[in-house]
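Here's the letter readout for the chains.
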Amino acid sequence: EANKSNYIQNCNWHERDARASKENERNINYLCNQKIINMENKKGINWFFAFIALTLGLTLFKHIDFKNFTLKEPALDILYLIVFVLSIYFLIKGNNQPEK
């Protein structure tokens, strides 16, 4: 009778341990999946547009005469300005847009 109650008690402990380990396994899987989802949603900077924006920004800065507020080469500098603004727009848009 004592052996039987010890056996039943041990079985109950094992069942509880098994339930707890299953619950832990579910929690760990959930957290791992959430981390993977969060990592997939993170987007890095688009280096192509960053390079274009930096290059054009420096070129525009060099071409602007701040004393007279004139441009060195007006037609080309307007084109630089348009592309510079578009590259900044795509940089910002690319970082805020969720990945599908």
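Please read these numbers as outputs of a predicted model, since none were measured by experiment.

Along the protein chain, the regular secondary structure elements total three helices and two strands. Helices and strands appear in the protein chain in the N-to-C order α-α-β-β-α. Per-residue burial over the protein chain gives 8% buried out of 100 residues. Partitioning the intrachain contacts of the protein chain with sequence separation of at least 6 by distance along the chain shows that 64% fall at a separation of at least 24. Surface summary for the protein chain: the accessible area is close to 8,900 Å², and the carbon and sulfur share equals 63%.

All right, on to helix α2 (residues 47-63) then. Taking 1.5 Å per residue as the helical rise, α2 with its 17 residues ought to reach 24 Å, and the 24 Å between its terminal C-alpha atoms agrees with that figure. Every buried residue belonging to α2 is among Ala50, Ala53, Leu56, Leu60 and His63, and all of these are buried. Summarising the axial view, the buried residues of α2 lie within an arc of 165 degrees, below the 170-degree limit, and thus occupy one face. For α2, the exposed residues lying more than 90 degrees away from the buried face are Trp47, Phe51, Leu54, Phe61 and Lys62.

On to unusual backbone geometry, then. One non-glycine residue, phenylalanine 69, adopts positive backbone phi at about 50 degrees. With respect to the helices, strands and loops of the structure, phenylalanine 69 is situated in the loop between β1 (64-65) and β2 (70-71). On the basis of relative accessibility, which here comes to 69%, the residue phenylalanine 69 falls in the exposed class.

Moving on to the side chain of serine 87. Mapped onto the elements of the fold, serine 87 is located in helix α3 (residues 74-96). In this structure, serine 87 is in contact with Phe49, Ile52 and Ala53, ignoring residues within four places of it in sequence.

Moving on to the packing of aromatic side chains. For the coordinates displayed, the defined rule picks out four aromatic pairs. Ring centres of phenylalanine 61 and phenylalanine 66 lie 5.5 Å apart, and the angle between their planes is 50 degrees; this geometry places the pair in the tilted category. Each residue in the set Phe48, Phe49, Tyr89 and Phe90 is aromatic and connected to the rest through ring pairs, giving one cluster.

Quick look at the environment of threonine 59 now. One can find threonine 59 in helix α2. Overall, threonine 59 belongs to the partly exposed group, its relative accessible area being 22%. Taking C-alpha positions, threonine 59 is 8.2 Å from tyrosine 80, a pair spaced 21 residues apart along the chain. In terms of polar contacts, threonine 59 uses its side chain to reach the backbone carbonyl oxygen of threonine 55, at 2.8 Å.

On to the confidence of the model for the protein chain, then. Taken over all residues, the pLDDT of the protein chain has a mean of 75, while the share at 70 or more is 55%. Element-level pLDDT for the protein chain is lowest in helix α1 (residues 2-41), with a mean of 59, against a maximum mean of 93 in α2.

Parameters at a glance
Residues numbered from 1 in each chain as written. Predicted model: local features only at pLDDT ≥ 70, side-chain atom pairs only at ≥ 80, totals over all residues. Heavy atoms only, no water. Helix = DSSP H or I, 4+ residues; strand = E, 2+ residues; numbered from the N terminus. Buried < 20%, exposed > 50% of the residue type's maximum accessible area, 1.4 Å probe, protein only. Contact = heavy atoms within 4.5 Å. Areas by Shrake-Rupley, 256 points an atom, 1.4 Å probe, with all protein chains shown as cover. Expected span 1.5 Å × (residues − 1). Arc of directions from axis to C-beta. Phe/Tyr/Trp six-rings, centres within 6.5 Å; stacked < 30°, edge-to-face > 60°. Polar contact = N/O pair within 3.5 Å; in protein donor to acceptor, adjacent residues only side chain to side chain. pLDDT = per-residue confidence, 0-100.

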